[in-house]
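So the chains spell out like this:
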Amino acid sequence: MASTTNPAIDPDSDTPDNPGHEFAQFGSGCFWGAELRFQRVVGVVKTEVGYSQGHVHDPNYKLVCSGTTNHSEVVRVQFDPQVCPYSDLLSVFWSRHDPTTLNRQGGDVGTQYRSGIYYYNEAQARLAEESKEAKQKEFKDKRVVTEILPAKRFYRAEEYHQQYLEKGGGNGNKQSAQKGCNDPIRCYG
C-alpha cells in the first residue's frame, strides 16, 4: 500500500523492463565499485545506482551525504533469474564488502554506507536471511550487521554516478564491465 504523505517510505513500485526479469537492491558501501561488480555478472541485464531506505522524497547526493535522510547508497540490479539466480547475486554482495562494520566500508563512514539487502518478494527475503545466517557462521566472533528489509522507493542517483567506474571514474581510467571480467576493481577510478 502506498503512503499518501511520504513517497520515500513507499515500496519500490518500479517494474523491470522485461516481465521475466526481477529487481534486487543492495547497499554495501560506496555504490561505484559495487555497481561495477554486479555489471560483470552474467544474467544481470541492467544496473543503476541510487538512494533508498530513507525518509526524504527525491534526495540528491549532497543531501544523502549530509547524514540527515537515512538513505543508503544502493545498486538496483535488474536480472534474469533463469540465467542468474538471486542466490548468485547474494554471493556477489557478500564478497564485495565487510558486513561486520556498522555504517562504514573502509574510509567511507556514514549511514549511507551501511550493509543492506532490500528485497522485492518473500523468496528474496528468505534467501537473504539464509545467506546472512551462513555468513554469520563464517565470522564467529564478529556480528554481521547487514539489515534485511523490504525495498523502499528507489531514487536514481545523478547521471554522473551511473556506471561511474566503467566510464573512467575520477581519473579517466576506464574499468571493464564485460561479463565474467575478474580484473581488480579500483574503487575511485
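For every chain, the first residue of the written sequence is number 1, and numbering continues from 1 along that sequence. Given that the model is predicted, a residue must reach a pLDDT of at least 70 before its local features are reported, and side-chain atom pairs must reach 80 or more before they are shown or counted; all residues, however, enter totals for whole chains, interfaces and linings. In computing side-chain values, all of the structure's heavy atoms are included and hydrogens and water are not.

(A) Representation of the overall build of the protein chain in the model. We count a stretch as a helix when DSSP gives it H or I for four or more residues in a row; a strand needs E for two or more, and each element gets its number in order from the N terminus. Tallying secondary structure elements over the protein chain gives four helices and eight strands in all. For the protein chain, the succession of helices and strands along the chain, N to C, is β-α-β-α-β-α-β-β-β-α-β-β. What the globule rule says is 2.2 Å times the number of residues to the power 0.38, and the radius of gyration is computed from C-alpha atoms. Taken over C-alpha atoms, the radius of gyration comes to 16 Å for the protein chain, in line with the 16 Å a tight globule of 189 residues would show. Each of the three principal axes of the protein chain carries a C-alpha extent, and together these read 45 × 40 × 35 Å. Within the protein chain, the fraction of its 189 residues that count as buried is 48%. Intrachain contacts of the protein chain at a sequence separation of at least 6 include 72% that bridge at least 24 residues. For the area figures, the Shrake-Rupley method with a 1.4 Å probe applies, and any residue is considered shielded solely by the protein chains shown. Put simply, the protein chain shows about 9,300 Å² of open surface, and 50% of that area lies on carbon and sulfur atoms. Working convention for charge: Lys and Arg count positive, Asp and Glu count negative, and His plus the chain ends are omitted. Charged groups are reduced to one reference atom each: NZ for lysine, CZ for arginine, CG for aspartic acid, CD for glutamic acid. Each charge sign in the protein chain was given a centre, from 22 positive and 24 negative side chains, and these centres are 5 Å apart. Only protein chains enter the accessibility calculation, which uses a 1.4 Å probe; a residue is then buried when its area is under 20% of its type maximum, exposed when over 50%, and partly exposed in between. We call two residues contacting when some pair of their heavy atoms lies within 4.5 Å.

(B) The layout of surface pockets, seen in detail. Counted as a void, the largest pocket has a volume near 160 Å³. Gly counts as polar in this scheme, as do all residues outside two lists: the nonpolar Ala, Val, Leu, Ile, Met, Phe, Trp, Tyr, Cys and Pro, and the charged Asp, Glu, Lys and Arg. Tallied by class, the residues present in the lining of the largest pocket amount to four nonpolar, five polar and two charged. A cavity here means a set of 1 Å grid points, computed over protein atoms only, where a 1.4 Å probe fits but cannot escape. A pocket is an open set with protein on both sides within 12 Å along at least 5 of 7 lines, and lining residues have an atom within 4 Å of a point. Grid points are joined across faces, edges and corners, and a volume is the space filled by probe spheres set on the points.

(C) Geometry of the side chain of N6. Topologically, N6 is positioned in the segment before β1 (22–28). For N6, a relative accessible area of 18% gives the class buried. Those residues in contact with N6 that lie beyond four places of it in its chain are H55 and H57.

(D) View of the pairing of strand β7 (residues 147–150). As judged from the four bridges shared by strand β6 (residues 115–119) and β7, these two strands associate in the parallel manner. Note that in β7 the partner of Y118 across the bridge is L149. Crossovers are marked right-handed if the path from the first strand over the helix to the second runs clockwise, as seen with the strands pointing away from the viewer. Crossover connection from β6 via helix α4 (residues 122–139) to parallel β7: handedness right-handed. Two strands pair if DSSP finds at least two bridges between them.

(E) Structural view of the packing of helix α3 (residues 86–95) against α4. Axes here refer to lines fitted to C-alpha atoms; in helices the fit is confined to the stretch in contact. Angles between the N-to-C directions go from 0 to 180 degrees. It is the contact of α3 with α4, at a shortest axis distance of 10 Å, that shows an interaxial angle of 40°. Classified by the interaxial angle, the pair formed by α3 and α4 is oblique. For α3 against α4, the interelement crossing comes out right-handed. For the pair α3 and α4, contact is made by Y86, L90 and W94 and by Q124, L127, A128, S131, K132 and K135, respectively. Here the contact of α3 with α4 is composed, by residue class, of five nonpolar, two polar and two charged. Between 65 and 115 degrees an angle is taken as roughly perpendicular, under 35 as roughly parallel, over 145 as roughly antiparallel, and anywhere else as oblique. Note on convention: near helix rotated counterclockwise from far helix by under a right angle means a left-handed crossing. Clockwise means right-handed.

(F) Here's a closer look at the state of the cysteines. Pairs of cysteine sulfur atoms within 2.5 Å are what we label disulfides. Applying the stated rule across the entire model yields zero disulfides. Its sulfur unpaired, C65 is 9.1 Å from the next cysteine sulfur, which belongs to C30. The exposure class assigned to C65 is partly exposed, which follows from its relative accessible area of 33%. Take C181: it sits in no disulfide, and the sulfur closest to it among the cysteines is that of C187, at 14 Å. A relative accessible area of 11% places C181 in the buried class.

(G) Fine view of the pattern of salt bridges. For salt bridges, the criterion is a side-chain nitrogen of Lys or Arg within 4 Å of an Asp or Glu carboxyl oxygen. In the structure shown here, the tally under the stated rule is nine salt bridges. Its salt-bridge partner being E147, residue R114 comes within 2.7 Å of it at the nearest N-O pair. With a gap of 33 residues between them, R114 in the loop between β5 (108–109) and β6 and E147 in strand β7 connect regions that are remote in the sequence. In this structure, K135 engages E138 in a salt bridge whose closest nitrogen and oxygen atoms are separated by 3.0 Å. Of this pair, K135 and E138 both sit in helix α4, three residues apart, roughly one helical turn. Here E138 falls in the exposed class, since its relative accessible area comes to 54%. One connected set of salt bridges, linked through shared partners, spans D12, D14, E48, R76, R156 and E159.

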